[in-house]
Structure formats: structure tokens, C-alpha cells
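So you can see what is in the structure, the chains are spelled out below.
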Amino acid sequence: MNRTRALAFRLAGVAFAVAVMYSSVDGLKAQTPPAQAAKPAPAAQAEEDPFAPQPPTPLPPGMTGSTTNDPRVGLKPGLYDAGEAAMGMEHVAFLKKADAFQLPSTQPDDPAVQKTLGILGISNIAKIPKPMQLVIAQLAFANSDFAFQGTHLFQGNFYGVNFYDISNPAKISLITSLVCPGGQGDVSVYKNLLFMSVEMPNGRLDCGTQGFPPLPPPEPGHEKEHRLPTASPERFRGVRIFDISDIRNPKQVAAVQTCRGSHTHTLVVDPNDKDNVYIYVSGTSFVRQPEELAGCSGEAPDKNPNTSLFRIDVIKVPLTAPEQAKVVSSPRVFIDARTGALNGLNNGGSHDKGAEKPADTNQCHDITVYSAIGLAAGACSGNGILLDIKDPVHPKRVDAVNDPNYSYWHSASFSNDGTKVVFTDEWGGGLQPRCRPTDPNKWGADAIFNLKDDKLSLASYYKMPAAQSETENCVAHNGSLVPIPGRDIEVQAWYQGGISVMDFTDTTHPYEIAYFDRGPIDAKTVILGGDWSAYWYNGYIYGSEIARGLDVFKLVPSKFLTQNEIDAANLVQFSELNVQNQPKITWPSQLIVARAYVDQLARSQALPPKRIASLNNVIARAQTSHLGKKDLAKLHGMAASVETEASTAKNISDAKRLHALALILQNPTA
């Protein structure tokens with residue numbers, strides 16, 4: 001497997017993607033166990049430095065790159081003192097990572113660094129450049145994904161989970177740190193249960209920090225052979241389940257092993273099943289030995305129809321007895337329905353250097369379920385797929401797409417009405433600068449699809465528009481919807497590209513409406529950092545900063561967004577949010593929501609200025625009188641004419657806004 005593809009294939013689990021390239025643990029990325037490897041990796045793989053700045057290459061014909069004419073370009077570098085730029089967002093708070101999640105050294109020769117490398121199972125440390133040794137050790141403490149419940153935020157980390165009190169978002173505070181290594185620490189929460197993904201081979205059943213002894217150096221002449229870590233009954237790779245009834249004292253109640261570990265997972269709530277929840281497990285790493293977990297096999301489908309490749313796993317979790325959680329199915333979501341071949345999907349080839357040959361898709365990186373419409377969108381390395389999840393134990397693929405402009409399908413989001421899907425591309429795996437002026441805007445971008453009758457059709461691409469430097473790892477990563485009525489808005493993390501807020505209401509013309517960015521961590525070397533996830537939750541945007549800690553933002557008015565729209569969004573309050581278990585958003589029939597629609601109709605010039613002014617005046621008077629009888633009658637009187645205007649609107653977005661406005665005018669609430 002070439003180096004660039006290996007990066008893309010594995011990394012949002014960053015630490016081991018790097019280690020893979022320099023050590024015998026590169027079996028982590030292998031699709032087949034070392035015993036089946038037909039030939040060693042090319043010698044060049046041992047020499048490349050994935051962090052070394054890449055020479056700029058000319059843009060392909062007909063393609064353009066990111067702009068250098070932007071306030072985000074040229075910001076001062078630094079870890080905690082970098083320059084900042086923002087538009088449409090206010091930086092409310094920042095909190096550094098907890099001490100337990102910091103590597104206590106910045107020197108490669110420090111014993112703490114060497115100890116960390118050993119715990120990660122990395123052998124042949126001597127062949128890793130000294131600066132890279134430090135980077136790999138730091139990645140073992142990288143922040144990852146978020147989950148929310150009430151006034152609590154849970155931030156995953158390769159070393160465990162941090163629990164925060166966000167009752168006052170301007171003064172967030174750490175409640176407790178759950179130290180439990182194993183990467184990448186993606187989290188979900190449901191009532192009194194917390195779920196955590198574990199993929200790396202240093203994970204232990206008991207959450208121990210000691211890892212496992214690294215393999216001894218290979219015999220002379222066998223340095224390039226893939227080797228798996230020694231099988232151990234103490235190793236854990238899969239999904240951990242914690243009881244968090246006592247938020248300050250979480251207790252592990254179950255640990256469900258899987259053959260490829262859990263790179264990410266998705267909480268699935270079946271509206272017809274109140275007794276259980278389900279976990280879709282996406283494993284992207286190497287298949288462990290059957291000596292460590294019975295039934296595991298990394299063989300090709302034609303050699304073993306029970307291969308652990310080409311599938312996801314479904315865990316059933318009884319809510320009253322979570323200790324009984326277990327894998328209940330392993331759906332073959334890549335199967336060719338006509339032939340029965342398990343390897344039924346193919347990426348069709350990639351623009352990535354060395355990865356031009358088509359490759360079969362054998363795993364999903366991330367799956368977003370939208371139970372309200374009975375569908376899930378799977379970002380599955382070489383393809384984007386659509387799943388019918390009405391029977392959550394047996395999801396079935398109903399559509400699949402690929403794209404030569406895509407390197408690695410990473411994550412997905414639905415529009416609230418279920419008519420659109422945004423897929424992200426993790427080109428470069430998160431370790432490379434991929435937002436330079438010489439990087440095409442169609443590469444490493446979001447792909448926005450229309451969704452109709454269970455079929456996906458490509459509409460356009462969106463990429464964070466500001467060029468980033470050679471030392472800023474920049475990649476499309478995790479985001480969520482911002483609940484502004486009448487518009488499709490997504491806030492999204494771009495690693496060291498910062499945070500970008502995109503309007504994709506018109507799928508053919510997505511555009512940026514807000515952003516926040518910092519300068520590079522280092523001006524001379526690519527050091528992994530930036531925002532892993534950026535999610536809206538109950539009026540604020542939270543950023544999981546990989547190297548630094550936790551950021552809090554709020555949207556502020558701009559030419560792209562009014563205060564009425566922000567206030568309407570803030571009426572939406574979740575009691576719990578796991579972004580990959582996408583909730584259906586509804587808005588109360590309050591007049592502030594009506595004013596948001598009027599602002600949008602003014603922006604799009606769907607109504608004449610006098611009509612806009614008349615609507616605003618009538619709504620304002622009704623607000624002042626608290627829906628007094630006379631003013632309420634005027635609202636009712638305007639509803640019919642607004643509905644008529646909806647029937648003659650020039651575009652579907654304005655028609656929907658007018659119809660929604662008419663409903664509020666007819667039935668407003670205080």
C-alpha cells in the first residue's frame with residue numbers, strides 16, 4: 001500500500017497512522033494479516049517522511065486552488081499565542097487540555113517520550129527521525145470527538161475522555177478525566193451510558209496505561225515485513241461502555257471486542273425499541289489474530305467467506321443490563337446484490353499519487369444515521385453509501401456513489417429535511433497540508449449530494465476558501481448542522497484550517513458565512529493540531545482542538561446572518577446530542593422564527609422592500625403586545641396573502657420560507 005493512501009486509509013486515528021509508517025506496527029493498516037502478505041512493502045515506504053513539506057505541484061488543468069486574499073492567510077504561528085482571525089463568530093472561551101492528557105516533555109530524547117513510544121508498541125524506534133518520535137508520542141494524547149448531554153460535554157482523546165461542565169459556556173470547567181488509552185476515543189452518550197471507541201493495540205481491558213511490550217526487532221532481511229502485535233488476552237479493541245450515573249466516577253460495565261477494533265461508532269436509537277440501543281461499529285484497522293479473538297480473519301472473501309473485512313458490526317445494548325451488550329450482526333453492506341460478491345464496491349481510482357488504481361472498499365470510516373427518515377449515510381473510504389436502517393440490526397445498502405475527485409470518504413451529514421447529504425473527504429489523512437493555493441478546490445473538499453427516492457446525485461463541492469501554509473495540516477473533518485430555520489447551515493472543522501460555517505441551502509452554490517482560524521502551530525514543521533470536530537449545541541459552537549484543548553464560540557450578526565436568525569436557532573435546545581445520530585430539528589411557532597424568515601426573504605429579494613417592512617411592523621407590534629387580540633388578528637390576516645406569495649415564489653427555498661412564515665402567522669405562540 002503506498003504511503004499517501006495508507007495515510008488516508010487510516011487517519012482520523014492519527015497517532016498510529018504515523019507509527020505505522022516507521023515501525024513493525026504498520027500491520028495496523030494492512031487489509032490482510034502479515035501471514036497472507038505476498039510480498040514486502042516497497043523500500044521507499046521506509047524512507048518517506050509524511051510530515052516533510054511537499055513541493056508544490058501545478059494545478060491540474062481547469063482547476064483552481066484556495067485563495068491567498070483572505071485575513072486567515074499569514075497569521076502568526078504559535079501553540080498558545082498564534083494569531084487569530086474570525087468573521088461572523090466570537091471566541092467565547094478556551095480551556096487547555098487536562099494535565100493527564102499532556103505529554104510532559106518537548107524533547108525527543110526525554111525518557112517520557114521514549115516510554116510513550118514503547119507503550120504504543122513501536123519497535124525499531126532508531127529508524128524514526130528524532131523530531132518524528134516526539135510527534136508520534138504527542139499524538140498519543142490527541143483530542144478527538146465530542147458528545148453532549150444536558151450541561152455536560154464529553155471530549156474524546158486517544159488517552160481517554162474528559163468530562164466538562166458547560167452550564168456556563170463562557171466559564172467551562174473540568175469535572176473529571178477518565179484515563180483509558182487505546183485511541184481514538186470517539187464518544188457517544190445515552191442516558192446513563194457512555195460509549196467509547198478503541199482501535200489501537202495499546203488498549204487494555206482494564207484501561208491500564210502500561211500498554212504491551214513492543215515486538216523485538218525483526219530478523220535481518222525481514223525489516224519490511226508486516227507484523228502483528230503479540231496476541232494477548234488482556235488487549236481490548238472495540239467499544240467500551242461506561243455507567244456515568246455518578247458523573248465524577250464513571251465505571252466500565254462492558255467492553256465489546258471486535259475484530260478490527262472501533263475507529264468510530266454510531267449510536268442508533270430504534271423508535272420502535274425502547275429497551276435497547278444499538279452501536280454501529282466502523283473498524284478501519286488491521287484484523288487481529290484468531291488467537292486473540294476467535295473468529296477473526298483478514299483473508300480475502302474468495303478464500304474465507306467469513307472474513308472480517310467488507311462489513312460493519314452491530315452491537316445490541318440492553319439498557320437495563322448493559323453488561324450483556326454483544327455483537328448481534330455483521331452486515332455485509334458492500335455486497336454485490338447481483339453476484340453475492342462481498343467486495344461489491346470499488347472506489348474507481350483516486351487522484352492521490354500512487355493510488356490511481358481502483359481499490360475495493362472494505363470498511364466504513366464513519367456512519368451518520370437519521371432515524372427520522374430511516375436512512376444512514378456511510379462514508380466508507382472509497383465510496384459514499386446510503387443505508388436503509390428501518391431494521392437497525394440489519395441495515396441494507398440502497399445506493400452507493402464514488403468520485404474521482406475523492407481520496408477518502410470520511411464523514412457525512414444530512415440536511416434537516418433529508419433531501420441533501422454532505423460528505424467530507426479526508427485527503428492526506430489529516431497529516432498533510434491540503435489547503436494550499438496549489439491544492440485543487442475539488443480535492444479534499446465536501447461533496448454535496450441531492451437525495452431523492454433513495455438515490456444520491458452530485459450537486460457541487462465546497463472547500464474552506466482560505467489558503468493555508470505548508471506546515472498546516474488541513475483536511476475536511478467533522479461538523480454538524482446549525483439549526484437556523486429556512487436554511488441549511490453546517491459548521492465544520494478543518495484541522496489547522498480552523499472552523500468554517502457553510503450555507504448549502506442551494507446545493508449548487510454553497511458558500512462560507514463565518515469562520516475562525518489560528519496561525520500554524522509551527523512555521524517550519526507540520527505538527528498535528530487544529531480542530532477535529534466543530535459542533536453546534538444549544539446556542540454555542542464547540543471546537544475540539546487536537547493539540548491545545550477545547551474552544552467555545554458563538555455566532556454573531558454579519559451580512560450573511562442576522563440576529564433574528566441566530567435567536568431563532570438558539571430556540572432549539574437538545575437534552576442530548578451525538579452528532580452521528582442526527583436528530584430531527586423542529587422550531588417553535590414563535591414570532592422570532594417568523595422574523596428570521598422575513599430576514600431571509602429580504603436577503604433573497606423574494607418580496608419588495610415595502611412588503612418586508614409591513615411584515616416586520618405587524619410582527620413587532622404583536623411581539624410588543626404579547627399577541628394582543630387586535631395584533632393577533634392582523635397576523636392572521638397576513639397569513640393568507642403570505643401563503644399566496646409562496647405559491648408564486650421564484651425558487652423552492654423562498655417558497656418553503658413563505659409557507660413556514662404563513663403557518664407561524666396563523667398559529668403564533670408566545
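Just so it is clear, the structure is predicted and the values come from calculations on it, not from any experiment. (Residues numbered from 1 in each chain as written. Predicted model: local features only at pLDDT ≥ 70, side-chain atom pairs only at ≥ 80, totals over all residues. Heavy atoms only, no water.)

Section: the overall build of the protein chain
In plain terms, the rule: Secondary structure elements are taken from DSSP: a helix is a run of H or I of four residues or more, a strand is a run of E of two residues or more, and numbering for both begins at the N terminus. C-alpha atoms define the radius of gyration, and 2.2 Å times the number of residues to the power 0.38 defines the globule rule. Only protein chains enter the calculation, and the probe is 1.4 Å; a residue is then buried if its accessible area is under 20% of its type maximum, exposed if over 50%, and partly exposed in between. Note on contacts: a residue pair is in contact if any heavy atoms of the two residues lie within 4.5 Å. Calculation of accessible area relied on Shrake-Rupley with a 1.4 Å probe; when residues are assessed, cover is drawn exclusively from the protein chains displayed.
Counting its secondary structure elements, the protein chain contains nine helices and 30 strands. At 25 Å, the protein chain has a C-alpha radius of gyration in line with the 26 Å of a compact globule built from 670 residues. With the principal axes as the frame, the protein chain shows a C-alpha extent of 90 × 55 × 50 Å. When the 670 residues of the protein chain are sorted by exposure, 61% land in the buried category. Partitioning the intrachain contacts of the protein chain with sequence separation of at least 6 by distance along the chain shows that 65% fall at a separation of at least 24. Accessible surface for the protein chain amounts to roughly 24700 Å². Of this, 54% is attributable to carbon and sulfur atoms.

As for the environment of Ser614
One can find Ser614 in helix H7 (residues 609–624). Looking at Ser614, the relative accessible area reads 30%, which means it is partly exposed. Along the primary structure Ser614 and Met638 are separated by 24 residues, whereas in three dimensions their C-alpha atoms are 9.7 Å apart.

Thoughts on the sheet that holds strand S18 (residues 396–401)
Two strands in a sheet stick together by hydrogen bonds in their backbones, pointing the same way (parallel) or opposite ways (antiparallel). For the record, the criterion: Two strands make a pair as long as DSSP finds a minimum of two bridges between them. For helices, the axis comes from a line fit to the C-alpha atoms of the stretch in contact; other axes are also lines fit to C-alpha atoms, and the angle between any two N-to-C directions lies between 0 and 180 degrees.
Taken together, the four strands give an open sheet; going across it, the order is S15-S16-S17-S18, and neighbouring strands pair in antiparallel fashion. What marks the edges here is a single partner per strand, and that holds for strand S15 (366–370) and S18. Pairs of neighbouring strands in the sheet enclose a mean axial angle of 20°, with direction left out of account.

Description of the sheet that holds strand S7 (residues 184–190)
Here we have four strands laid out as an open sheet, ordered S7-S8-S9-S10, and antiparallel in their pairing. Where the open sheet ends on each side, the last strands, each with one partner, are S7 and strand S10 (251–257). In this sheet, neighbouring strand axes are inclined to one another by 20° on average, regardless of whether the strands run parallel or antiparallel. For strand S8 (residues 193–198) and strand S9 (residues 238–243), the ladder comprises six bridges, and the chain directions are antiparallel. Opposite Leu194, over in S9, you have Phe242 as the bridge partner.

Side note on the packing of H7 against helix H8 (residues 629–647)
A pair of packed helices can be characterised by two numbers: the angle between their axes and the separation between those axes. Rule in force here: Roughly parallel covers angles under 35 degrees, roughly antiparallel covers those over 145, roughly perpendicular covers 65 to 115, and oblique covers all other angles. Take the far helix as your reference; a near helix turned counterclockwise from it by less than a right angle gives a left-handed crossing, and one turned clockwise gives a right-handed crossing. In this count, Pro and Cys sit with the nonpolar residues alongside Ala, Val, Leu, Ile, Met, Phe, Trp and Tyr, while Asp, Glu, Lys and Arg are called charged and the others, Gly among them, polar.
The contact between H7 and H8 brings their axes to 9 Å, and the two run at 150°. Between H7 and H8, the angle falls in the class roughly antiparallel. For the element pair H7 and H8, the recorded crossing hand is left-handed. Between H7 and H8, the contacting residues are Arg611, Ser614, Leu615, Val618, Ile619, Arg621 and Ala622 on the first element and Asp631, Lys634, Leu635, Met638, Ser641, Val642 and Glu645 on the second. Across the contact of H7 with H8, the residue classes break down as seven nonpolar, two polar and five charged.

A word on a nonpolar patch on the surface
Stated precisely, the cut-off is as follows: Patch criteria: residues need more than 30% relative accessible area and no salt bridge. Like-charged residues are merged within 9 Å; nonpolar side chains of Val, Leu, Ile, Met, Phe, Trp and Tyr are merged within 5 Å. Salt bridge, as applied in this entry: a Lys or Arg side-chain nitrogen positioned within 4 Å of an Asp or Glu carboxyl oxygen.
A grouping of Leu79, Tyr80 and Phe94 is seen on the molecular surface, where their side chains present a nonpolar patch of about 240 Å² in accessible area. As for its position among the elements, Phe94 is in strand S2 (residues 89–96). Phe94 gets classed as partly exposed once you look at its relative accessible area, which sits at 31%.

What about the environment of Ser480?
Relative to the elements of secondary structure, Ser480 occurs in strand S23 (residues 478–482). Overall, Ser480 belongs to the buried group, its relative accessible area being 5%. Here the alpha-carbon distance between Ser480 and Ala412, two residues 68 residues apart in the chain, equals 9.2 Å. When residues no more than four places from it in sequence are discounted, the contact partners of Ser480 are Ile489, Glu490, Val491, Ala534, Tyr535, Trp536 and Val579.

Points about the state of the cysteines
Put simply, the rule is: In what follows, a disulfide is any cysteine sulfur pair within 2.5 Å.
As enumerated under the stated definition, the model contains four disulfides in all. Note on cysteine connectivity: Cys180 is disulfide-linked to Cys207, with sulfurs 2.0 Å apart. Between Cys180 and Cys207, the S-S dihedral sits near -70°, and the bridge is therefore left-handed. Of this pair, Cys180 sits in the loop between strand S6 (173–179) and S7 while Cys207 sits in the loop between S8 and S9, and the two are 27 residues apart along the sequence. Residue Cys180 shares its accessibility class with Cys207, and that shared class is buried. One disulfide bridge connects Cys259 with Cys296, the sulfur atoms lying 2.1 Å from each other. Across the disulfide from Cys259 to Cys296, rotation about the S-S bond amounts to roughly -90°, and the bridge is consequently left-handed. Residue Cys259 is located in the loop between S10 and strand S11 (264–268), and its partner Cys296 is located in the loop between strand S12 (276–282) and strand S13 (313–318); the two are separated by 37 residues in the primary sequence.

Read these as layout, nothing more, since geometry by itself doesn't imply function.
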